[in-house]
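Single-letter residue listing:
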Amino acid sequence: MSVLKNRSTLRWLVPLAAAVTVVGGGAAIGTFAANAEPALPPRSAAQLLVDLQTARLDGLSGTVVQRADLGLPKLVGLAGGDAALLSGTHTLRVWYSGPDRQRVALLDTLGERDVIRSGRDVWTWDSKANTATHRTLPESTGRAAEGALPVTPKEAAERALAAVDPSTLVTTGRSATVAGRDAYELVLTPRDEASLVHQVRIAIDATEHVPLRFEVLANGADQPAFEMAFTQVDYRRPDADQFTFNPPPGVKVTEATGDLPGAEAGSKDGAGSKADAHRKAGAAAKPGAGDDAGLRTVGTGWTTVLVARTDAADAARTPVGGAAKPGPADGPGAAQALDMLNGLPKVSGDWGSGRLFAGKLFSVLLTDDGRVLAGAVTPERLYQAARG
């Protein structure tokens, strides 16, 4: 059966796109306003890498603006949650007071969504839905489960730097002023021509050595396709009350248990935790994870291709002799999304047949035999992976 008739495709496509967001994007968007280059003492690329690795951050608060356009607004809208960050412009407030006290607030015109960690307690709150989820992390957990998408320049930089190997040319760029701070620029350039990424540029605070801005440029483009930057930053340790959450009156609170795959969660009204579903989807999008759900990776570094078998997901939802169980992709928007996917160009070759989405910074191949392949690579690299 064609993957486009398989509703679990919608479950896989968004996490796969999210996994390459750090080196992904869509149509070029306007860059953050830049001031005159500050005069800074010269530092080599090797010195800047050491600065990043040895920086000690005791506290931070600030405002981050993120801009992205993946060219899939309808599909992203269906996914909700973290995937909403894959399109448009977003403003986030962040607070950091050590590895066990963190808070991120996503602000929009309709409300606010917060993730707050204080010790082993993790709260997520949606002001529009008036819902909250509380999770107590096991004592062995060093940090809360990571989402599929980075929300600060530091997180994005860490993921990009993980790809630094002989396949990456590392150089320095121009100095800059970001959020009122002087900054050096580190430039990562993939050597493999199969990568659709032209450069990743990281602006690093000249004094605190913290990433202040993160930009991704596509091949042939002179403007960032994906960027996030602090517009205001304060390195003082935030007050402790910033990490204390008191549920507002009338809020529906869900109590989630554990942070391990397959952990069940219950709420005060007996319903399961939606936070678990989002966490599992995010974990499955990470390279090397989710093998039991039919996800694997081909290649390494900048040209990694994620491959998912959607029929494995459907098998888990379909009892013997029964109909498919409702999944996250089921709903009023599922048919509309499938129509959109059916509008993608048909492609075929010695690897099989299917449909292709080719963006400026990523490509997605949906094969008729039930696979989804995605990466920040040329379509030809996807076809090569599909042959395997």
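Residues numbered from 1 in each chain as written. Predicted model: local features only at pLDDT ≥ 70, side-chain atom pairs only at ≥ 80, totals over all residues. Heavy atoms only, no water.

K.L.:
I would appreciate a short explanation of the sheet that holds strand 19 (residues 371–375) in the present structure.
P.N.:
Adjacent strands of a sheet form backbone hydrogen bonds with each other and so pair up, either parallel or antiparallel. Judged by pairing direction, the sheet is antiparallel, and its six strands sit side by side in the order 14-15-19-18-17-16 without closing on themselves. The outermost strands of the open sheet, each flanked by one partner alone, are strand 14 (295–298) and strand 16 (346–349). Between one strand and the next, the sheet's axes are offset by a mean angle of 25°, whatever the strand orientation. The sheet contact formed by strand 15 (residues 305–309) and strand 19 spans four bridges and is antiparallel. Within strand 19, the position partnered with A308 by the bridge is V372. (Pairing = 2+ DSSP bridges. Helix = DSSP H or I, 4+ residues; strand = E, 2+ residues; numbered from the N terminus. Axes fitted to C-alpha atoms, helices over the stretch in contact; angles between N-to-C directions.)

K.L.:
Explain the packing of aromatic side chains here, please?
P.N.:
Two measures describe an aromatic ring pair: the distance that separates the ring centres and the angle between the ring planes. Enumeration over the complete set of coordinates arrives at five aromatic pairs. Ring-pair connections join several aromatic residues into one group, and the members of that group are W123, W125 and F245. (Phe/Tyr/Trp six-rings, centres within 6.5 Å; stacked < 30°, edge-to-face > 60°.)

K.L.:
Please clarify how the side chain of T168 should be interpreted in this entry.
P.N.:
Assignment of secondary structure puts T168 in strand 7 (residues 168–172). Of note is the side chain of T168, whose polar atom sits 2.6 Å from the side chain of W302. If we skip the residues at most four places from it in the chain, T168 touches A163, L188, T189, R191 and W302. (Polar contact = N/O pair within 3.5 Å; in protein donor to acceptor, adjacent residues only side chain to side chain. Contact = heavy atoms within 4.5 Å.)

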